[in-house]
Amino acid sequence: MIDEAKTMAIGLAEREKRRLADNIALRARAIRQAAQPFRVTDPVLAEGIESVAETLDATADHIGLEDMDDLVEEVSDVVRRQPVLVIGAAALLGLAAGRFLRAAFDDPETPRRPAKASATTPPPPPGGYADWDDEGTLP
């Protein structure tokens, strides 16, 4: 029963690995298409974008061809050798995901509070902004 569960887990991991590789390759193709308009107007930028697409293609090929155990070992090695880089990348990804989610769920009809007080904005109440309503005024 344990061997059967292990076999199922390995099969699932291999399928997900293949999906990840396909997804990365798909992103590489989209990036290549995004570079097309710049080939005439800004060839240096187009070359840089193409370089990113090539790197993604190579990564997709590597993930698709590599054994799961080897991939796990590679990731573990990177985390061990460059923990600050991994933590920084995770933080940047978290910030980007947060901004994306906030933008995706932002209601354009809801007015935002001003970032800083202006001449027309009254000073905050003694308890801070917690007592303000959605319009930015005291109830």
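Numbers given for residues are sequential positions, taken from 1 along each chain in its written order. Only residues with pLDDT of at least 70 are given local features in this predicted model, and only at 80 or more are side-chain atom pairs given and counted; all residues enter the totals for whole chains, interfaces and linings. Water and hydrogen atoms play no part in the side-chain values, which are based on all heavy atoms of the structure.

A. Highlighting the confidence of the model for the chain. Each residue carries a pLDDT value, the predictor's own confidence for that position, ranging from 0 to 100. Across the chain, pLDDT averages 80, with 76% of residues at or above 70. Per-element averaging of pLDDT across the chain places helix H5 (residues 83–105) at the bottom with 82 and helix H3 (residues 43–65) at the top with 91. What counts as a helix is a DSSP run of H or I of at least four residues, what counts as a strand is a run of E of at least two, and both are numbered from the N terminus.

B. Representation of helix H1 (residues 2–35) in the model. Between its first and last C-alpha, H1 extends 49 Å over 34 residues, near the 50 Å set by a 1.5 Å rise per residue. Turning to H1, its buried residues are Lys17, Ala21, Ile24, Ala25, Ala28 and Ala35. Any two residues whose heavy atoms approach within 4.5 Å are treated as being in contact. For H1, the elements touching its buried residues are helix H2 (38–41), H3 and helix H4 (68–81). Working rule for helices: expected span equals 1.5 Å times residues minus one. Burial classes follow relative accessibility: with a 1.4 Å probe on protein chains only, a residue under 20% of its type's maximum area counts as buried, one over 50% as exposed, and anything between as partly exposed.

C. Spatial organisation of the pattern of salt bridges. The salt bridge criterion pairs a side-chain nitrogen of Lys or Arg with a carboxyl oxygen of Asp or Glu, the two atoms within 4 Å. One pass over the full model with this rule turns up 7 salt bridges. Between Glu14 and Lys17 there is a salt bridge, with its nearest N and O atoms 3.1 Å apart. Here Glu14 and its partner Lys17 are both found in helix H1, 3 residues apart, which amounts to about one turn of the helix. The class for Glu14 is partly exposed, based on a relative accessible area of 27%. Accessibility expressed as a relative area gives 7% for Lys17, which makes it buried. One connected set of salt bridges, linked through shared partners, spans Arg32, Arg39, Glu50 and Asp57.

D. Local environment of the environment of Arg32. With respect to the element layout, Arg32 can be found in helix H1. Residue Arg32 is classed as partly exposed on the basis of its relative accessible area, which comes to 23%. Separated by 22 residues in the primary sequence, Arg32 and Glu54 place their C-alpha atoms 8.7 Å from one another. Sequence-distant contacts of Arg32, that is, excluding residues within four places in its chain, are made with Arg39, Glu50, Ala53, Glu54 and Asp57.

E. Looking closely at the packing of H1 against H3. At their nearest, the axes of H1 and H3 sit 8 Å apart, and the two run at 165° to each other. Judged by the angle between their axes, H1 and H3 are roughly antiparallel. Between H1 and H3 lies a crossing of left-handed hand. Contacts between H1 and H3 involve Lys17, Arg18, Leu20, Ala21, Ile24, Ala25, Ala28, Ile31, Arg32 and Ala35 from the first element and Ala46, Ile49, Glu50, Val52, Ala53, Glu54, Leu56, Asp57, Thr59, Ala60, Ile63 and Gly64 from the second. Taken together, the residues of the contact of H1 with H3 sort by class into 14 nonpolar, 2 polar and 6 charged. Lines fitted to C-alpha atoms define the axes, with helix axes restricted to the stretch in contact, and inter-axis angles between N-to-C directions lie between 0 and 180 degrees. Here roughly perpendicular refers to angles of 65 to 115 degrees, roughly parallel to angles under 35, roughly antiparallel to angles over 145, and oblique to all remaining angles. By definition, any crossing whose near helix is turned counterclockwise from its far helix by less than a right angle is left-handed, and any crossing with a clockwise turn is right-handed. Amino acids are sorted into nonpolar (Ala, Val, Leu, Ile, Met, Phe, Trp, Tyr, Cys and Pro), charged (Asp, Glu, Lys and Arg) and polar (every other residue, Gly among them).

F. Seen up close, the environment of Ala46. Tracing the sequence through the fold places Ala46 in helix H3. Looking at Ala46, the relative accessible area reads 1%, which means it is buried. Placed 14 residues apart in sequence, Ala46 and Arg32 show a C-alpha to C-alpha distance of 8.6 Å. Setting aside residues no more than four positions away along its own chain, Ala46 makes contact with Ala35, Phe38 and Arg39.

G. Here's a closer look at a negative patch on the surface. A surface patch of negative charge is lined by Asp67, Asp69, Asp70, Glu73 and Glu74. Among the structural elements, Glu74 can be located in helix H4. For Glu74, a relative accessible area of 33% translates into the label partly exposed. Residues qualify for a patch when their relative accessible area is over 30% and they have no salt bridge, like charges being joined within 9 Å and the nonpolar side chains of Val, Leu, Ile, Met, Phe, Trp and Tyr within 5 Å. For every accessible area listed, the method is Shrake-Rupley and the probe measures 1.4 Å; residues are considered covered only by the protein chains on display. Positive charges are assigned to Lys and Arg, negative charges to Asp and Glu, while His and the chain termini are left out of the count. The atom standing in for a charge is NZ when the residue is Lys, CZ when it is Arg, CG when it is Asp and CD when it is Glu.

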